[in-house]
Every structure is written in C-alpha cells, then in structure tokens.
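Tertiary structure, described
Okay, here's what each chain looks like letter by letter:
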Amino acid sequence: MRKLDDFPPDCPRIAVFLVRSFSTACSLCGEEAWLEEDSHETVLGYGPENGSPGCGARFVAIAEHHPHGGSFLEGLKTLRPDLPLLDLWLEARA
Ligand SMILES: [Zn+2]
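Parameters and conventions
Residues numbered from 1 in each chain as written. Predicted model: local features only at pLDDT ≥ 70, side-chain atom pairs only at ≥ 80, totals over all residues. Helix = DSSP H or I, 4+ residues; strand = E, 2+ residues; numbered from the N terminus. Contact = placed C-beta atoms within 7 Å. Pairing = 2+ DSSP bridges. Axes fitted to C-alpha atoms, helices over the stretch in contact; angles between N-to-C directions. Buried ≥ 20, exposed ≤ 12 C-beta atoms within 10 Å, placed from the backbone.

Some thoughts on the overall build of the protein
- Scanning the protein for helices and strands turns up 1 helix and 4 strands.
- Its helices and strands taken in sequence order, the protein reads β-β-β-α-β from the N to the C terminus.
- Along the three orthogonal principal directions, the C-alpha set of the protein runs to about 35 × 30 × 20 Å.
- Within the protein, counting contacts between residues at least 6 apart in sequence, those at least 24 apart form 50% of the total.

Here is the structure:
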C-alpha cells in the first residue's frame, strides 16, 4: 500500500473518488475507498487490503471509474453531494 510519502513531492495530495459498478477507488493510489471519508484513510473493499490504512489523499471530486453515463452518472450526485461531480471517467493511477 503506497502512502502519500511514497509519491513524489510534486504529486498532488488530492484524489478523485472513483466509483465502479460494485466498488470504489482512490484515484491516487488505486486502492478501494470508503464513501464516508473525506480523505483516503481506510481501504475498504473486497480485496486483501480491506481494513488497512489508505494513502491519506483528500478527496476533492467524484467521478466514474469506467464510462457508464446516464443514470449511473446521475446517481453519483446523491452518493457524495459534497463533492463536485466530474463529467468524465478516470482510471486510477496505480
Ligand atoms: Zn488513496
């Protein structure tokens, strides 16, 4: 699990909260993320890293991990109304 200190100093300490059909991810470290956290403090998902500390990046937006569009995109607005919804899709960095 990569921590913020493992990334180059010029790497932004922010991340996009990525949403797949059945899981979520942090755009910076690629590990699964918890919808309830403002920063990536916990890896929460189905993988072996479940429950371990996240990379610590602060979530500043939410976006699709793969293109779904339509109602899926609309649904992201209700998942995290506090985060701006990016009308694009991103692959995680790691
Ligand atoms: Zn992360």
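A short note on the sheet that holds strand β2 (residues 24-26)
- Overall, mixed pairing links the 4 strands, which are arranged β2-β1-β3-β4 in an open sheet. A strand with exactly one partner marks an edge of an open sheet, and here the two such strands are β2 and β4 (85-89). Taking the axes of each pair of neighbouring strands and ignoring which way they run, one obtains an average angle of 35° across the sheet.
- Summarising the sheet, strand β1 (residues 14-19) and strand β3 (residues 58-64) pair through 6 bridges and their orientation is parallel.

Some thoughts on the pairing of β1
- Along β1, 5 of the 6 residues are buried, which leaves the element largely enclosed by surrounding structure.
- Between the end of β1 and the start of β2, which pair antiparallel, lie 4 residues.

Details of the environment of Ile62
- Inspection of the secondary structure assignment puts Ile62 in strand β3.
- The exposure class assigned to Ile62 is buried, which follows from the 21 C-beta atoms found within 10 Å.
- Measuring from C-alpha to C-alpha, the distance between Ile62 and Leu4 comes to 19 Å, with 58 residues separating the pair along the chain.

A word on the environment of Leu35
- Relative to the helices and strands, Leu35 resides in the loop between β2 and β3.
- Judged by the 12 C-beta atoms lying within 10 Å of it, Leu35 is exposed.
- Along the primary structure Leu35 and Arg80 are separated by 45 residues, whereas in three dimensions their C-alpha atoms are 7.6 Å apart.
- Ignoring anything within four residues of it in the chain, the contact list for Leu35 reads Thr24, Leu79 and Arg80.

On their own, these measurements won't tell you what the molecule is for.
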